[in-house]
Number of protein chains: 2
Amino acid sequence: MSLRYALLALLRVGPLSGYELQKLFSESVGHVWHAPDSQIYPELRRMEADGLLLAEEQTRGVHGRRRMYHVTEEGARAFSDWFDEPLEYSRVRDPAHLRAAYLESAEPRAAREFLDAHVRQHTELRNRWQSEIDRIRSGAHPMVERRLAAIPEAERGRAVAFKVFAYEGLMERATAEIRWAERGLRLLDDLG
Amino acid sequence: MSLRYALLALLRVGPLSGYELQKLFSESVGHVWHAPDSQIYPELRRMEADGLLLAEEQTRGVHGRRRMYHVTEEGARAFSDWFDEPLEYSRVRDPAHLRAAYLESAEPRAAREFLDAHVRQHTELRNRWQSEIDRIRSGAHPMVERRLAAIPEAERGRAVAFKVFAYEGLMERATAEIRWAERGLRLLDDLG
DNA sequence: CTAAACATGTAAAGCGTTACATGATTCG
DNA sequence: CGAATCATGTAACGCTTTACATGTTTAG
């Protein structure tokens, strides 16, 4: 059910077609909520049916068509209501830490490979988040710039600070994972 | 598909009934892979059908019955093969950081409540992981003790070190979340 | 005898993944 | 004219959640 809020977050800045949305999605909110296009298109239809969006049918060339989605008042309300609901922190489902929980059963070679891959994965993520932060600060982040253009100038500094803060959360998490996995590698060095 | 490996992890230490498994599950591997009983019972049946488990039908009293599940050789192999597969790190789906990504749009009051709840949630988790670590080190953790009893004495120190290491990963993550959310609260103090 | 614990599921609905399927337009 | 990009979906399958459903045994 979070998918629709992720979509609303992008659309509230301005109307987008399913295709544009999908492209922007994967390089912004997709960082924290993955969804393939085959999930996005039907969800947009459902949101339209639920009155959160209004679709404006456009033509492109002679036979081309596209649907520009606009957020309705009800959609804007749904987005802001979402912030007031307490978040549910129930179901954990973490393949990496599931595996880590039984590392003592694995061959040292397999354990090492797992931890190496974990370090690689999170190093890559950390670099990605760092470059997102750089892009936000330097005014080169397309989705953030769209958002900033839609709010009064006086509020932009605050908005940038919070966007950076959000990515810092991902950075710190990645850093914690790297530190932990590196300690695991040292454990393997010591205990085999 | 990870559920079956979580179940195998518990069963490989010794046979258990669905009920016992479900109880042990929620206080051990359930910390990293949530599953309700309504998912566990059918999955055990499927694993039996796939040859990973063998069910021993027992009676309890006059009309009571239960099924004790034993890991087959094929099941043991499946568990150890699982460690050799590279882990897939694709789909992220993180409600808390999704919300955090749009914190600038929220009312300061709602943002504060969200961050407070985040701190509370992860403080509670951190305490839980710390007490798990204490229980492991003091020999009071039931599932870990079962596991230790099944391996040679010489390997037990190593196994304990790795179990502690696994929980430390959860601890560090919780700590990172707390630090981050507290910085967010200070941001709110400064910027409103 | 009653409550708690033991014991095992089914059903429906929703969410998510993967594969498939199709066609138009624009740029070089 | 061919490739890249624009554009929008459907279908089948599997996983997960929530709610429902039922009965036995044991301890006090």
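Refer to the structure printed above.
Every chain's residues receive numbers from 1 upward, in the order its sequence appears when written. Each chain gets a letter, beginning with A, and each ligand a number, beginning with 1, in the order they are written. Residue-level local features of this predicted model are given only where pLDDT is at least 70; pairs of side-chain atoms are given and counted only at 80 or more, and the full residue set underlies all totals for whole chains, interfaces and linings. With hydrogens and water excluded, all non-hydrogen atoms of the structure serve as input to the side-chain values.

1. Things to note about the protein's contact with DNA strand C
Moving on, step 1. Residues are labelled near a given molecule or strand when at least one of their non-hydrogen atoms is within 4 Å of it. Close to DNA strand C lie 24 residues, the nearest being A:Val62, A:His63, B:Arg45, B:Arg60 and B:Arg67.
Moving on, step 2. For DNA strand C, the fraction of atoms within 4 Å of the protein that belong to sugar or phosphate moieties is 73%.
Moving on, step 3. A distance of 2.9 Å separates a phosphate oxygen of DNA strand C from a polar side-chain atom of A:Gln39.
Moving on, step 4. For this analysis, a polar contact is any N or O atom pair within 3.5 Å, provided that within protein one partner can donate a hydrogen and the other can accept it, and provided that sequence-adjacent residues contribute only side-chain to side-chain pairs. A distance of 3.3 Å separates a phosphate oxygen of DNA strand C from a polar atom in the side chain of B:Arg66.
Moving on, step 5. Numbered from the N terminus, helices here are DSSP runs of H or I no shorter than four residues, and strands are runs of E no shorter than two. At the level of elements, α3 (37-49) of chain A together with α2 (18-26), α3 (37-49) and β3 (64-71) of chain B are the ones that each hand at least two residues to the surface near DNA strand C.
Moving on, step 6. Residues are grouped as follows: nonpolar covers Ala, Val, Leu, Ile, Met, Phe, Trp, Tyr, Cys and Pro; charged covers Asp, Glu, Lys and Arg; every other residue, Gly included, is treated as polar. Here the surface near DNA strand C is composed, by residue class, of seven nonpolar, nine polar and eight charged.

2. Side note on the sheet that holds strand β2 (residues 53-60) of chain A
Moving on, step 1. Criterion used throughout: strands pair if DSSP finds at least two bridges between them. Spatially, the three strands line up as an open sheet ordered β1-β3-β2 (chain A), and their pairing is antiparallel. Since the sheet does not close on itself, it has two edges, and those belong to β1 (16-17) and β2 of chain A, each with one partner.

3. Observations concerning the pattern of salt bridges
Moving on, step 1. In what follows, salt bridge is the name for a side-chain nitrogen of Lys or Arg lying within 4 Å of a carboxyl oxygen of Asp or Glu. This structure, assessed with the given rule, holds 35 salt bridges over all chains.
Moving on, step 2. Linking B:Arg147 and A:Glu104 is a salt bridge whose minimum nitrogen-to-oxygen distance equals 3.2 Å. Pair noted here: B:Arg147 is in helix α7 (residues 142-149) and A:Glu104 is in the loop between α5 (95-100) and α6 (108-137), and the two residues belong to different chains.
Moving on, step 3. Exposed residues in this analysis have more than 50% of their type's maximum accessible area, buried residues have under 20%, and partly exposed residues fall in between, with area computed by a 1.4 Å probe over protein chains only. Residue classification places B:Arg147 among the buried positions, given a relative accessible area of 14%.
Moving on, step 4. Take A:Glu104: its relative accessible area is 7%, and that puts it in the buried class.
Moving on, step 5. A:Arg109 is paired through a salt bridge with A:Glu113; the nearest N and O atoms lie 3.7 Å apart.

4. Some thoughts on the protein's contact with DNA strand D
Moving on, step 1. The immediate surroundings of DNA strand D are formed by 23 residues, with A:Tyr19, A:Arg45, A:Arg60, B:Val62 and B:His63 found nearest.
Moving on, step 2. The share of sugar and phosphate among atoms of DNA strand D within 4 Å of the protein is 74%.
Moving on, step 3. In this structure, A:Arg67 approaches DNA strand D through a main-chain N or O atom, which is 2.8 Å from a phosphate oxygen.
Moving on, step 4. The side chain of B:Ser38 places a nitrogen or oxygen atom 2.9 Å from a base oxygen of DNA strand D.
Moving on, step 5. Those elements giving two or more residues to the surface near DNA strand D turn out to be α2 (18-26), α3 and β3 (64-71) of chain A together with α3 of chain B.
Moving on, step 6. Among the residues making up the surface near DNA strand D, the classes are represented as six nonpolar, nine polar and eight charged.

5. With respect to the packing of helix α1 (residues 3-11) of chain B against α3(B)
Residue and element names in this part refer to chain B.
Moving on, step 1. Helix axes use the C-alpha atoms of the stretch in contact, all axes being lines fitted to C-alpha atoms, and the angles between their N-to-C directions lie in the range 0 to 180 degrees. Put simply, α1 and α3 touch, their axes get as near as 10 Å, and they point 80° apart. One way to sum up the angle between α1 and α3 is to call them roughly perpendicular. Where α1 abuts α3, its residues Leu-3, Arg-4, Leu-7, Leu-8 and Leu-11 lie against Gln-39, Ile-40, Glu-43, Leu-44, Arg-46 and Met-47.
Moving on, step 2. Residues belonging to the contact of α1 with α3 are distributed by class as follows: seven nonpolar, one polar and three charged. Note on angle classes: values under 35 degrees are labelled roughly parallel, values over 145 roughly antiparallel, values of 65 to 115 roughly perpendicular, and the remainder oblique. Pairs of residues are marked as contacts when any of their non-hydrogen atoms sit within 4.5 Å.

6. Points about the interface of chain A and chain B
Moving on, step 1. Each side of the interface is counted separately: chain A has 66 residues, and chain B has 66 residues.
Moving on, step 2. Note on terms: buried area is the combined drop in 1.4 Å-probe accessible area of two parts once they are placed together, counting the loss on both. Here chain A and chain B share an interface that buries about 6,500 Å² over both sides, 60% of which is from carbon and sulfur atoms.
Moving on, step 3. Where chain A meets chain B, there are 15 salt bridges.
Moving on, step 4. Here the side of chain A that touches chain B takes 21 residues from helix α8 (residues 156-191) of chain A, the largest share from any one element.
Moving on, step 5. Of the residues belonging to the side of chain A that touches chain B, the class tally is 37 nonpolar, 11 polar and 18 charged.

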